[in-house]
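# Architecture and fold: a report
These are the residues of each chain, in order.
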Amino acid sequence: MGTLAKVTRRTFLFGSVAIAGGAAFGFWKYRQPYENPLSKRLEPSEKTLTPYVIISKDGIKIIAPRAEMGQGSHTSLAALVAEELRVKLSDVSVIHGPASKAYYNAAVMEEAVPFAQVDESSLARNVREFTKVPAKFLGLHITGGSSSIADGFDKMRMAGAVARDTLIEAAAINLRVPASTLTADDGAVTTIDGRRIAYIDLAESLDGIELAKEPMLTPQSEWRVLGQSQDRVDMFGKVTGTAEFGIDVELPEMLFATVRMNPSIGGKMRSFDASKALNERGVESIVELDNGIAVIATNTWYAFNAARKVAIDWQQSDGPQTQKELLNLVLDSFDDDYKDSRFRDDGDCDEGCENAEIISAEYHVPYLAHAAMEPLNATALLKDGHLDIWAGNQWPTLARSKAAEISGLSEDDIEIHTLLMGGGFGRRLEPVYIEQAVKLAMKHEGRPIKLTWTREEDTTHDHYRPLAVARFRGVMGDHIPETIDFETASASVAASQMGERAGIPAVGPDPAIAQSAWDQPYKVPNYRVTAYRAPAAIPVSSWRSVGASQNGFFHESMLDELAHSKGLDPLKMRLDMINHLPSQKVLEAVQAMSNWGSPLPKGTGRGIAYCLSFGVPVAEVIEVVNTDRGIKITKAFAAVDVGVALDPRNIEAQVFGGLNFGLAAAMMGEVTFDKGAAQQSNFHNYNSIRMNQSPDFSIKILENGTRVKGIGEPATPPAAPALANAIFSATGKRIRELPLSKHIKFA
């Protein structure tokens, strides 16, 4: 392990020691810990051992630093602590941590490095480790990039180990015996003669005890919680309706609000007439916003109803007005002036294309909305110089800083209560709805305001997955491509999300534009990938799997075209190209699972796609049948490799959900614009896959990877190309544009 890796691994430990009041170890700023945010929030009977563990007479609380939006992160993160603390998962409660730089995500910036995830050279490993330094200084308390488990794997286990050994030390002092004679198991410290002291009975003995300095982590061979399928810690609350989502917040004297914003993206409001709305039942006030209005009423329905009756004179935006203009903006960016990166340039593509039979094509994908089931909402209360905000969100420190800018309060006077979310997919990284709630709370100081967007406002004012275009030219050899020259263009998510909204300079290339194109472990003699940064005329942001969502479709459809141009089996060609063992294994697994190569009835087709994103290789096969009613998706097979499967059942659930998410987008997902406004507004015209359209699933989890990785996003990118390739297999029709429903009908 390199020096940087050693420093990173020990950072948490030194942070724990400093929290306990001991010396701040380390000789450079990076190793100095953030203050424990729990220390000022505890009840008198509660004791905090680290920012991740609270012990009291009432039980053990584990603090999950990442947001829970259905992906099971709270369960898996708690299991990491429980394993080392040697307690059952059912014996702890899990809460979300307060907004704090102490909960910075050390892994979220790893995708930004110009090294492929399969590159295990010492330089690549050290650069990945170094990304933890800016992540620490920026204090990125953020959920995204399938990074929760990668970030928490060592950190959360270390939290449990520190707590375990400190509890042993407390028991040793109480019993006046050497700590080496004690063991911890099943929520208690045990003596040689069998006496047991429950952890919760040691809570009051923790004051003044220095936290354990050298905790040993439990080897994988001795795991009892990790590696096993766990019941979700939030399951009971969700199935009984008692779990609290943002939209469930109820407070005394609460008022309710909604917004209407200019449908022409970027346009302002000239004027409005609220006279009719003010006469509606329950309306308290109408508030002017930068690009629209908010209605505050005594319940949400009254606010919705009144908002529709406000007469507004909208200003047209200055940007592109039509879908054709937006597409042309991207097409025109295939120019050296817009070149963003060329992370891969093997061999000589120009020479490889000379005097050769060239296969070429152009692919398009549209803007996509996130369409999470829970509408955007936030509750804010400004009272006595303190601001409380209750909201499901993926970036609480950004939400807090934006609230401070708006309110003029210190961040110390602002509390972000992060609640469960009914879906996120990147949508709740954007804090606009929280900013609006703060502005409304300032208008009604002393009373909580719950702001809820309508589905229509959410869909038409999303921060979308970018519209993107790819072009390729290729030359085939006898068994694999000899030359691939791949170009892709889209707006920059990093510049929009980090630069414009977070105020973090997004210097250099945006890796997301070429994500899962340049870094795929395919060996091709001449292989060039060029990314172009198109102007961002429409707000864009992270959408589940980010750039891999479009480049997976582009890249794997292209490979299918190249294989069929020579009459090759597309799965065998991929196996011949792959030079990464875990990737080879997922392809072989899905080959066996799907009985690839066996005869199919007429009108039936299979499609293969592979994609490595967020360090996770995924191979998927989709089987379809061409019926009189249209294409019917019958079967889906997926093989994934997360390095270490911490919770197999949860991994299966995420693969199932991610694959269905990708199929829905491929089949029918599209946001188009006219007169500067989104044309899709709700599920009637921004549709999703239905239960009777979802295929039968077979999922296999492998563990050949060298690093522990997350699975929230990697199953999404291969879905679209596997489906498109299956449709080609069944019908002979090559579709190069999403959604596929623009060209075929689905049963």
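Everything here concerns the structure above.
Computed from a predicted structure; not experimentally measured.

### A closer look at the overall build of the chain
- In terms of helices and strands, the chain carries 19 helices and 27 strands.
- Relative to the compact-globule value of 27 Å for 747 residues, the chain shows a C-alpha radius of gyration of 27 Å, a close match.
- For the chain, the spread of C-alpha atoms along the principal axes amounts to about 85 × 70 × 50 Å.
- Across the 747 residues that make up the chain, the buried fraction comes to 60%.
- Looking at the chain alone, contacts between residues at least 24 apart form 77% of all its contacts between residues at least 6 apart.

### Points about the pattern of salt bridges
- For the structure shown, the criterion picks out 45 salt bridges.
- Note that Lys 309 is salt-bridged to Glu 280, the shortest N-O span being 3.2 Å. Remark: Glu 280 occurs in the loop between helix H7 (275-278) and strand S10 (283-289) and Lys 309 occurs in the loop between helix H8 (300-307) and strand S12 (311-314); sequence separation between them is 29 residues.
- Residue classification places Lys 309 among the partly exposed positions, given a relative accessible area of 36%.
- Residue Glu 737 pairs with Lys 742 through a salt bridge whose shortest N-O separation is 3.2 Å.
- In this structure Glu 737 comes out as partly exposed when scored by relative accessible area, which is 23%.
- Here the salt bridges share partners, and the residues they tie into one network are Glu 110, Glu 120, Arg 707 and Lys 709.

### Considerations on the nonpolar core
- If you look at the biggest cluster of nonpolar residues, it comprises 80 residues, and the most contacted ones within it are Phe 486, Ile 622, Leu 663, Leu 723 and Leu 740.
- If you look at the next biggest cluster of nonpolar residues, it comprises 52 residues, including Val 87, Val 92, Ala 203 and Leu 206.

### Looking at the side chain of Thr 75
- Following the sequence through the fold, Thr 75 ends up in helix H2 (residues 73-85).
- Accessibility expressed as a relative area gives 0% for Thr 75, which makes it buried.
- In contact with Thr 75, other than residues within four places in its own chain, are Glu 68, Leu 89, Gln 230, Asp 231, Arg 232, Val 233 and Asp 647.

### A look at unusual backbone geometry
- For the bond from Leu 738 to Pro 739, the omega torsion is 0°, close enough to zero to count as cis.
- Within the element layout of this structure, Pro 739 appears in the segment after helix H19 (719-731).
- The backbone of Lys 675 shows a phi angle near 55°, a positive value even though the residue is not glycine.
- By the element assignment, Lys 675 lies in the loop between strand S25 (673-674) and strand S26 (677-678).

### With respect to the environment of Ala 64
- For Ala 64, the location among the structural elements is in strand S3 (residues 59-64).
- Considering only alpha carbons, one finds Ala 64 and His 96, 32 residues apart in sequence, at a separation of 5.0 Å.
- Dropping the residues within four chain positions of it, Ala 64 is found in contact with His 74, Leu 77, Val 94, Ile 95, His 96 and Gly 97.

### Comments concerning the packing of aromatic side chains
- Considering all chains together, one arrives at 15 aromatic pairs under this definition.
- Aromatic pair Trp 543 and Phe 661: ring centres 5.0 Å apart, planes at 40°, arrangement tilted. You can see Trp 543 sitting in the loop between strand S21 (526-534) and helix H15 (547-565) and its partner Phe 661 sitting in helix H18 (residues 648-668), a full 118 residues away along the chain. Note on accessibility: Trp 543 and Phe 661 belong to one class, buried.
- Seen from their ring centres, Phe 656 and Phe 697 are 4.5 Å apart, and the 55° between their planes marks the pair as tilted. With Phe 656 in helix H18 and Phe 697 in strand S27 (residues 696-702), this pair connects stretches of sequence that are 41 residues apart.
- Classification of Phe 656 as partly exposed rests on a relative accessible area of 39%.
- We note Arg 471 situated over the ring of Phe 334; from NZ or CZ to the ring centre the distance is 4.2 Å.

### Focus on helix H14 (residues 493-501)
- Those residues of H14 that fall on the buried side of the exposure criterion are Val 493, Ser 496, Gln 497 and Arg 501. Seen end-on, H14 carries its buried residues on one side only, within an arc spanning 85°.
- The inward-facing, buried residues of H14 contact helix H11 (396-407) and strand S20 (481-491).
- By the N-cap criterion, in which a side-chain oxygen at the helix start approaches the backbone nitrogen of a residue two or three places on, H14 is capped by Ser 492, the distance to Ala 494 being 3.4 Å.
- Phi turns positive, to about 70°, at Gly 503, one or two residues after H14.

### What to know about the sheet that holds strand S5 (residues 183-185)
- The strand order S5-S6-S7 describes an open sheet built from three strands, whose pairing is antiparallel. The open sheet has two edge strands with one neighbour each: S5 and strand S7 (196-198). This sheet shows a mean twist of 30° between the axes of neighbouring strands, independent of strand direction.
- Two elements, strand S6 (residues 188-190) and S7, share three bridges in a ladder whose sense is antiparallel. Bridge pairing links Ala 188 to Ala 198 in S7.

### Focus: the sheet that holds strand S19 (residues 468-476)
- Pairing in this open sheet of five strands is mixed, and the strands run S13-S21-S20-S19-S14 from one edge to the other. A single partner strand is all that each edge strand has here, and the edge strands are strand S13 (339-346) and strand S14 (359-365). Taken pair by pair, the neighbouring strands of this sheet meet at an average axis angle of 10°, ignoring direction.
- Where S14 meets S19, seven bridges bridge the pair, whose relative direction is antiparallel. When the bridges of S19 are listed, Ala 361 appears paired with Phe 472.

### Describing the pairing of strand S2 (residues 53-56)
- What you see with S2 is no split at all: Val 53 and Ile 55 on one side and Ile 54 and Ser 56 on the other are buried throughout.
- Counted between consecutive antiparallel strands, the loop separating strand S1 (residues 47-50) from S2 contains two residues.
- Pairing geometry for S2 and S3, over four bridges, is antiparallel. Bridge pairing links Ile 54 to Lys 61 in S3.
- Where S2 folds back onto S3 in an antiparallel hairpin, the turn is made up of two residues.

### Quick notes on the packing of H18 against H19
- Running from N to C, H18 and H19 cross one another at 55°; their axes reach a closest spacing of 8 Å. The angle between the axes of H18 and H19 places the two elements in the oblique class. The interaxial crossing formed by H18 with H19 has right-handed handedness. Contacts between H18 and H19 involve Leu 659, Gly 662, Leu 663, Ala 666 and Met 667 from the former and Ala 719, Ala 720 and Leu 723 from the latter.
- Across the contact of H18 with H19, the residue classes tally to seven nonpolar, one polar and no charged.

Reading the values: the criteria
- Residues numbered from 1 in each chain as written.
- Predicted model: local features only at pLDDT ≥ 70, side-chain atom pairs only at ≥ 80, totals over all residues.
- Heavy atoms only, no water.
- Helix = DSSP H or I, 4+ residues; strand = E, 2+ residues; numbered from the N terminus.
- Rg over C-alpha atoms; globule rule 2.2 N^0.38 Å.
- Buried < 20%, exposed > 50% of the residue type's maximum accessible area, 1.4 Å probe, protein only.
- Contact = heavy atoms within 4.5 Å.
- Salt bridge = Lys/Arg side-chain N within 4 Å of Asp/Glu carboxyl O.
- Core = buried A, V, L, I, M, F, W, Y, C linked by side-chain atoms within 4.5 Å.
- Phe/Tyr/Trp six-rings, centres within 6.5 Å; stacked < 30°, edge-to-face > 60°.
- Lys NZ or Arg CZ within 6 Å of the ring centre and 35° of its normal.
- Arc of directions from axis to C-beta.
- Polar contact = N/O pair within 3.5 Å; in protein donor to acceptor, adjacent residues only side chain to side chain.
- Pairing = 2+ DSSP bridges.
- Axes fitted to C-alpha atoms, helices over the stretch in contact; angles between N-to-C directions.
- Parallel < 35°, antiparallel > 145°, perpendicular 65-115°, else oblique.
- Left-handed = near helix turned anticlockwise from the far one by under 90°.
- Nonpolar A, V, L, I, M, F, W, Y, C, P; charged D, E, K, R; others polar.

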